[in-house]
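Descriptive structure summary
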Amino acid sequence: EALQLLLGYAEVESLDESSEEHARAVEIVDLCGRLPLTLAIAGGMVASVSQGGFTDDIVTLMKTDLGKGMRDESGLTVEERMIGASVKMIGRHQDAAIIEALFRHFAVFGEDIPIPKPVFDVLAATFVPRSSSRAAASSKVSGCIVVLLSYNLLKGSLAQEDGVFMHDIVRDYVIHQHSSEELRL
């Protein structure tokens, strides 16, 4: 069931059980502790980064970030480490700074509460201050939210009536990371 969940989020219909990709997928399932949120995030990473392929670089990144048992020495869970790995993968995107800023700012909203698209249209100039127009800034922010949705770091839809929200575990991770950064300063 966990493998099927991972494949679904990775947008892969099936894998030949004797293939290297299948072995990598099973390894990712094990690294994720078979946890649904973690599998959703991992599947989103696979779908977004490698066009649905289970490549060595994704498995290596996950091994580095997840291969430490259920909690590591700093107390982070598998879910929190998967969220961190996903944020690292976003760093490869051309709008990474905007995407990360949006991701961090979602923590100010209540967990599991959908925020409608018009809220982001109003805030767009905050995230894209040098934009040529309000519409251009709104379009850029919408594109960045789509990236976060594809990585399963956000849930919901940009359709105005639906809204977008951050799962409570992801929100807690962002708050924890922000608090840790403040302590280091």
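The structure we're discussing is the one just above.
Residues numbered from 1 in each chain as written. Predicted model: local features only at pLDDT ≥ 70, side-chain atom pairs only at ≥ 80, totals over all residues. Heavy atoms only, no water.

Quick look at the nonpolar core
Put simply, the rule is: In these notes, a set of buried Ala, Val, Leu, Ile, Met, Phe, Trp, Tyr and Cys residues joined through side-chain atoms within 4.5 Å is what counts as a nonpolar core. Only protein chains enter the accessibility calculation, which uses a 1.4 Å probe; a residue whose area is less than 20% of its type maximum is buried, one above 50% is exposed, and one in between is partly exposed. Here, residues are in contact when the closest pair of their heavy atoms is within 4.5 Å.
If you look at the biggest cluster of nonpolar residues, it comprises 56 residues, and the most contacted ones within it are Ile 28, Met 45, Phe 54, Leu 102, Phe 103, Ile 145 and Leu 153. Setting aside residues no more than four positions away along its own chain, Phe 103 makes contact with Ile 83, Val 87, Leu 148, Leu 153, Met 166, Val 170 and Val 174.

Thoughts on the packing of helix 7 (residues 117-127) against helix 8 (residues 134-150)
How two helices sit against one another is set out by the angle between their axes and by the gap between those axes. So the rule is basically this: Helix axes are fitted only over the stretch in contact, all axes being lines through C-alpha atoms; the angle between N-to-C directions runs from 0 to 180 degrees. In this text, helices come from DSSP runs of H or I with a minimum length of four residues, and strands from runs of E with a minimum of two, each type numbered from the N-terminal end. For classification purposes, angles smaller than 35 degrees are called roughly parallel, those larger than 145 roughly antiparallel, those between 65 and 115 roughly perpendicular, and all remaining angles oblique.
For the pair helix 7 and helix 8, interaxial distance at closest approach is 8 Å and the crossing angle is 110 degrees. By the criterion of interaxial angle, the relationship of helix 7 to helix 8 is roughly perpendicular. Within the contact between the two elements, helix 7 uses Lys 117, Phe 120, Asp 121, Val 122, Ala 124, Ala 125 and Phe 127 and helix 8 uses Arg 134, Ala 137, Ser 138, Val 141, Ser 142 and Ile 145.

Considerations on the side chain of Arg 24
As for its position among the elements, Arg 24 is in helix 2 (residues 20-31). The class for Arg 24 is buried, based on a relative accessible area of 15%. Not counting residues within four places of it along the chain, the set of residues in contact with Arg 24 comprises Phe 54, Thr 55, Asp 56 and Val 59.

Let's talk about the packing of aromatic side chains
The line we're drawing: The aromatic pairing rule takes the rings of Phe, Tyr and Trp, using the six-membered ring of Trp, and pairs them if the centres are within 6.5 Å, calling planes under 30 degrees apart stacked, those over 60 edge-to-face and the rest tilted.
One pass over the structure, following the stated rule, counts three aromatic pairs. Their ring planes at 65 degrees and their centres at 5.9 Å tell us that Phe 106 and Phe 109 sit as a pair that is edge-to-face. The class of Phe 106 is buried, set by a relative accessible area of 2%. Each ring, one from Phe 109 and one from Phe 120, has its centre 6.2 Å from the other, and the planes form 75 degrees; the classification is edge-to-face. On the criterion of sequence distance, the pair formed by Phe 109 in the loop between helix 6 (96-105) and helix 7 and Phe 120 in helix 7 is long-range, its members being 11 residues apart.

Remarks on helix 8
Residues three or four positions apart in an α-helix share a direction because the helix packs 3.6 residues into each turn. As a reminder, the rule being used: Take the residue count of a helix, subtract one, and multiply by 1.5 Å to get its expected span.
Taking 1.5 Å as the rise per residue, helix 8 with 17 residues should run 24 Å; its terminal C-alpha atoms sit 24 Å apart, in good agreement. Residues Ala 137, Ser 138, Val 141, Ser 142, Cys 144, Ile 145, Val 147, Leu 148 and Leu 149 constitute the buried set of helix 8. Backbone geometry just downstream of helix 8 places Asn 152 in the positive-phi region, at approximately 60 degrees.

Observations concerning the pattern of salt bridges
Basically, it comes down to this: The working definition used for a salt bridge is a side-chain nitrogen of Lys or Arg within 4 Å of a carboxyl oxygen of Asp or Glu.
Summed over all chains, the structure comprises six salt bridges. Two residues, Lys 140 and Asp 95, come together in a salt bridge whose shortest N-O distance is 3.2 Å. With Lys 140 in helix 8 and Asp 95 in the loop between helix 5 (78-90) and helix 6, the pair connects residues that are 45 residues apart, well separated along the chain. For Asp 95, a relative accessible area of 14% gives the class buried. Among the ionic pairs, Arg 104 bridges to Glu 100, the shortest N-O distance being 2.9 Å. Of this pair, Arg 104 and Glu 100 both sit in helix 6, four residues apart, which is roughly one turn of the helix. On the accessibility criterion, Arg 104 (29% relative accessible area) is partly exposed. Taking relative accessible area as the criterion, Glu 100 reaches 31% and is therefore assigned partly exposed. One salt-bridge network, in which partners are shared between bridges, spans Glu 20, Arg 24 and Asp 56.

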